[in-house]
Amino acid sequence: KLDVEYGKLHPKQKYSYIRDHQGFYPQASATLTASDVASNGETVVIISTAGNSYTFTAHTNTTATSTGQFSVATGEVEMMTALHSCFTASDSITKGIFTATLDDTVGAAAVTITQVEPGPDGNTTVTEGLTNVTKTDFTGG
């Protein structure tokens, strides 16, 4: 019921609605789904609720979570697992800004990314430049 009411509000009214309805915490989520591996050097850019951009770069065989680099060496499941670790590792460049879950279904591995901060400012665009990957932009905040 709160989701329906929230969805009908003008964006300027949404933050006060969140504050007034304790326990209502609408966080925006986006999904990246891979059907095969991306190519070395390709990127995806994620924008936080605060408006900061984070770039994640595909690499032939190395994952470095502190810089947002993920390996595309062996297959879509391994690639998406490496990308997922860029959001969840203790040295992640997005620690405290995003959370992520992994669906490691072979043939369509996916990472769902969720903004930590609630509200409509989290409904941002994902700039995806990865071969064999499709995206949905952030919604639900």
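Preceding this paragraph is the structure being described.
Every residue gets a number counted from 1 within its own chain, in the order that chain's sequence is written. In keeping with the model being predicted, local features are shown solely for residues with a pLDDT of at least 70 and side-chain atom pairs are shown and tallied solely at 80 or more, while totals for entire chains, interfaces and linings include all residues. Only hydrogens and water are set aside; all other atoms, that is, all heavy atoms of the structure, feed into the side-chain values.

### Some remarks on helix α3 (residues 76-88)
Convention followed: The way it works is that DSSP assigns letters per residue, a run of H or I at least four long becomes a helix, a run of E at least two long becomes a strand, and they are numbered from the N terminus. For a helix, the expected span equals 1.5 Å multiplied by the residue count minus one. We call a residue buried when its accessible area falls under 20% of the maximum for its residue type, exposed when it is over 50%, and partly exposed in between, using a 1.4 Å probe and counting protein chains only.
Spanning 13 residues, α3 covers 18 Å between terminal C-alpha atoms, matching the ideal 18 Å at 1.5 Å per step. The buried fraction of α3 amounts to 10 of the 13 residues, a majority that puts the element mostly inside the structure. Here α3 has its buried residues at Glu-76, Val-77, Met-79, Met-80, Ala-82, Leu-83, His-84, Ser-85, Cys-86 and Phe-87.

### A few points about the packing of aromatic side chains
For the record, the criterion: Here is the rule: rings of Phe, Tyr and Trp (six-membered ring for Trp) pair when centre to centre is within 6.5 Å. Planes less than 30 degrees apart are stacked, more than 60 are edge-to-face, and the remainder are tilted.
What the rule picks out here adds up to 4 aromatic pairs. With a centroid separation of 6.0 Å and an interplanar angle of 90°, the aromatic rings of Phe-87 and Phe-98 are classed as edge-to-face. Taken as a pair, Phe-87 in helix α3 and Phe-98 in strand β5 (residues 98-103) lie far apart in primary sequence, 11 residues in all. Phe-98 shares its class with Phe-87; the two are buried.

### Quick word on the sheet that holds strand β7 (residues 127-128)
Using the following cut-off: Two strands are counted as paired when DSSP detects at least two bridges linking them. Contacts are assigned to residue pairs with any non-hydrogen atoms lying within 4.5 Å of each other. Lines fitted to C-alpha atoms define the axes, with helix axes restricted to the stretch in contact, and inter-axis angles between N-to-C directions lie between 0 and 180 degrees.
Taken together, 4 strands build an open sheet; the order of strands is β4-β3-β2-β7 and the sheet is mixed. The outermost strands of the open sheet, each flanked by one partner alone, are β4 (69-71) and β7. Where strand β2 (residues 43-47) and strand β3 (residues 53-59) come together, 5 bridges link them in antiparallel fashion. Along β3, the bridge assignment pairs Thr-43 with Thr-57. The sheet strands contacting α3 are β2, β3 and β4, and the helix crosses β4 at an angle near 155°.

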